[in-house]
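Single-letter residue listing:
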Amino acid sequence: MANGIKIQNFIGGQMLPPASGEYFDSINPAIAQSFADVPDSDARDLELAVTAAEKAFPAWRGMGAEKRAAIMHKLADLIEANAERFIEAECMDNGKPLSLCAAVDIPRAIANLRFFADAGKLLGGNTYESPGSYSYTLRQPFGTVAIISPWNLPLLLFTWKLAPALAAGNCVIAKPSEVTPLTAFMLSAFANEAGFPKGVLNVLHGRGPKIGAAITQHPRTPAISFTGGTATGREIYSGGAKLLKKVSLELGGKNPTVVFDDADFAKAVTGAKMAGFTNQGQICLCGSRVLVQDTIYEKFRDALVKEASDMSIGDPLQPDILLGALVSKAHMEKVLSCLDIAEQEGGRILTGGRRKIVPGRCAEGYFIEPTIIEGLPLHCRTNQEEIFGPVVTLMPFRDEDEAIRLANGTEYGLAASIWTEDAARGERVAARIDSGIVWVNCWNMRDLRTPFGGMKNSGVGREGGLRALEFFTEEKTVSRPNAAKA
Ligand code: TXE
């Protein structure tokens, strides 16, 4: 090993090696080379972190939302001042285009910290007055809470959970994905300078089944917020049930993009392309099933195939690149195996379908061409299972009822986008689609105040706005006789 960067755990305000003394490699997927050592943490590191968090909690809770917000804004300032380093690190760790890290990942991570810092000041209870009683509620932090985040939007999703947990007054045990740990490590390195009291923020690195499982099964982490795969979410949920933990789960999707024949054609084609292939299709919100009204099916298919095959794919450092590498060799192989399954199921690959060899420094990188498949029925694995790569399927539909049947025909229910110029139809269809989020004539348009989360196998609970802050609190009711009416 002995890579350039040695990532460390951040516990009680200190950078510490893992108790095991063991590290594993972090790979830059665009060049298939290791560049950092990741701590292989275990229950011993967790015990230190929980003890530090418990010690820090009374002062952090007692500090009040205003002062907590100032510290969180300072952390956002420090990330902003070092944005270029964060952008490069995210690109190197994940393989996504540098331009995407600069336009989305890092700015949104900064925005998450600022948004929840301020939203924390609005968190409060309610009052209930009746002739006999006067009651009010208190929103109180748990103490030590856990967050576990994935590799597809590393710092963005890490801060999306971290910020509301801290703003609500909790101390945090945070575990970023072991596949993309670098930017969370960099964030933790600024925590002391930002003014976080030691022990408020603890970042543990390591493998999901080891340190991740230890965190979720620890008796003194009463609330867990998780984003990741549905299978892992299920495991965390059932483990949490035994200890009666509060659990928030943001899981996978198999999201429909529904295109009616009255849609703005050009906008719908570009929308379906962006929904399908942004971030190499590795966003839980990606539209991986494109449903098109039969009257425009062929024309739409040909236009989408043309646009997708024109997408630039290659070295993520190049400014004009739209598609970078997939996050890891294992994930690339998983996506390629899904393409084999699609062919075995009778799917016709209209474009893509293969690993892309990028000449030059990225020759060994994990790239897959944007891929479009048609000719598959709803109930086949390709149309039912989350592939999480640059792969979309096309299916025709006859009318609104059939579109809705196809859209709702999977075990997932995270997001959908509908393309129509008929406003009433947009509203009608949005109301009937079983998903937590529906976009009309757009995709991935986000307002951080809105509820975010999925139905069915896409998750449990909603994040975003005050809901995320409320998740990280206990609500307490205090009642007394109503003196005013006595
Ligand atoms: O995710 P995991 P993986 C989907 C996508 C992908 C599949 C598997 O379909 O192909 O999930 O990806 C931690 N206890 N999504 O295996 O394992 C892990 O260390 C506690 C959708 O990479 O779910 C990491 O920090 N924690 C998705 C986090 O869970 C555990 C984003 C997510 O990893 C754990 C990513 C355990 N037993 C993948 N096992 C989305 N919803 O956006 C793992 N972890």
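Residue numbers here run from 1 along each chain, matching the order of that chain's written sequence. The predicted nature of this model means local features are confined to residues of pLDDT at least 70 and side-chain atom pairs, given and counted, to a pLDDT of 80 or more, with totals for whole chains, interfaces and linings taken over all residues. Processing note: side-chain calculations cover all non-hydrogen atoms of the structure and skip hydrogens and water entirely.

Turning our attention to the overall build of the protein. Along the backbone of the protein there are 16 helices and 25 strands. Across its three principal directions, the C-alpha atoms of the protein cover 70 × 65 × 40 Å. Residue burial in the protein is summarised as follows: out of 486 residues, 59% are buried. Here the analysis covers contacts within the protein between residues at least 6 apart in sequence; of these, 75% occur between residues at least 24 apart. The helix count covers DSSP runs of H or I at least four residues long, the strand count covers runs of E at least two residues long, and both are numbered beginning at the N terminus. Exposed residues in this analysis have more than 50% of their type's maximum accessible area, buried residues have under 20%, and partly exposed residues fall in between, with area computed by a 1.4 Å probe over protein chains only. The contact criterion used is simple: two residues touch if any of their non-hydrogen atoms lie within 4.5 Å.

Domain ranges listed in this record stem from an automatic or a database domain assignment. Assigned domains of the protein: these are domain 1 (5-251 + 458-476) and domain 2 (256-440). The centre of domain 1, based on its C-alpha atoms, is set 31 Å off from the matching centre of domain 2. Contact residues are listed per partner, giving 23 residues for domain 1 and 29 residues for domain 2. Overall, the association of domain 1 and domain 2 removes approximately 2000 Å² of surface from exposure, summing both partners, and the carbon and sulfur fraction of that is 61%. Of all residues in domain 1, A30, W151 and S458 give up the largest surface area on contact with domain 2, accounting jointly for 25% of the area buried on that side. In the analysis that follows, any N or O atom pair within 3.5 Å is treated as a polar contact, provided that within protein one partner can donate a hydrogen and the other can accept it, and provided that, for residues neighboring in sequence, both atoms belong to side chains. Applying the counting criterion to the domain 1 and domain 2 interface returns eight residue pairs in polar contact (both at pLDDT 80 or more). Note: buried area is the sum, over both parts, of the accessible area (probe 1.4 Å) each one loses when the two are combined.

With respect to the helices and strands, P481 occurs in strand 25 (residues 473-481). The exposed category is assigned to P481, whose relative accessible area is 62%. On a C-alpha basis, the gap between P481 and S133 in space is 4.4 Å, while along the polypeptide they are 348 residues apart. Other than its neighbours up to four places away in sequence, P481 contacts G132, S133 and Y134.

Here, nonpolar core means buried Ala, Val, Leu, Ile, Met, Phe, Trp, Tyr and Cys residues that are tied together by side-chain atoms lying within 4.5 Å of each other. Among the nonpolar cores identified, the biggest contains 95 residues, and F158, F196 and L285 are the most heavily contacted of them. Among the elements that take part in this core, helix 5 (residues 154-167) stands out by supplying ten residues, more than any other. Summarising the domain contributions, this core has at least three residues from each of domain 1 (5-251 + 458-476) and domain 2 (256-440). In this view, L285 contacts N255, L414, A415, I437, W439, W443, N444 and F452; residues no more than four positions away in its chain are not counted. Of all hydrophobic cores here, the second largest spans 27 residues; its members include V259, V290, A325 and I372.

Looking now at the sheet that holds strand 5 (residues 33-39). Strand pairing in a sheet takes place through backbone hydrogen bonds and is either antiparallel or parallel in direction. When DSSP finds two or more bridges between a pair of strands, those strands are recorded as paired. Taken together, the three strands give an open sheet; going across it, the order is 1-5-4, and neighbouring strands pair in mixed fashion. Strands with a single pairing partner mark the edges of an open sheet, and in this sheet they are strand 1 (5-6) and strand 4 (23-28). One ladder, built from six bridges, connects strand 4 with strand 5; its direction is antiparallel. Counted as the bridge partner of Y23 is P39 from strand 5. Contacts between helix 3 (residues 83-94) and the sheet are confined to strand 1, strand 4 and strand 5, with strand 4 contributing the most and set at about 100° to the helix. Working convention: axes come from line fits to C-alpha atoms, limited for helices to the stretch in contact. Angles between N-to-C directions cover 0 to 180 degrees.

This part takes up the site of the ligand. Note on terminology: near, applied to a residue and a molecule or strand, indicates that one of the residue's heavy atoms is within 4 Å of it. As a matter of local geometry, the ligand sits amid 27 residues, with S149, W151, E178, G229 and E386 nearest to it. Contacts to the ligand include N152, whose side-chain N or O atom sits 3.2 Å from an oxygen atom. The separation between a nitrogen atom of the ligand and a polar main-chain atom of A213 is 3.4 Å. Site definitions follow a grid-based scheme: protein atoms alone, a 1 Å grid, a 1.4 Å probe that fits but cannot get out for cavities, and for pockets an open set with protein on both sides within 12 Å along at least five of seven lines, plus lining residues having an atom within 4 Å of a point. Grid points define the cavity or pocket, and a molecule sits in it when more than half of its atoms lie within 2 Å of them. Of the pockets mapped on this structure, the ligand occupies the largest pocket. If you list the elements that add at least two residues to the shell around the ligand, you get helix 8 (208-217), strand 11 (223-227), helix 9 (230-242) and helix 12 (329-344). Sort the elements by how many residues they give to the shell around the ligand and helix 8 lands first, with four residues. Classification used: nonpolar for Ala, Val, Leu, Ile, Met, Phe, Trp, Tyr, Cys and Pro, charged for Asp, Glu, Lys and Arg, polar for all others including Gly. Class assignment for the residues of the shell around the ligand results in eleven nonpolar, ten polar and six charged. When we break the shell around the ligand down by domain, the ones giving at least three residues each are domain 1 (5-251 + 458-476) and domain 2 (256-440).

We now examine the sheet that holds strand 25. An order of 6-7-25 is seen for the three strands of this open sheet, with the pairing classed as antiparallel. Each end of this open sheet is capped by a strand with a single partner; those strands are strand 6 (127-129) and strand 25. With direction set aside, neighbouring strand axes in the sheet form an average angle of 15°. With three bridges connecting them, strand 6 and strand 7 (residues 133-141) associate as antiparallel partners. Within strand 7, the position partnered with T127 by the bridge is Y136.

Right, let's talk about the pattern of salt bridges for a bit. In what follows, salt bridge is the name for a side-chain nitrogen of Lys or Arg lying within 4 Å of a carboxyl oxygen of Asp or Glu. Overall, the coordinates contain 30 salt bridges when judged by the stated rule. The salt bridge partner of R425 is E400, with a shortest N-O separation of 3.0 Å. With R425 in helix 15 (residues 423-432) and E400 in helix 14 (residues 400-407), this pair connects stretches of sequence that are 25 residues apart. Relative accessible area serves as the criterion here: at 14%, R425 is assigned to the buried category. Residue classification places E400 among the buried residues on the basis of a relative accessible area of 15%.

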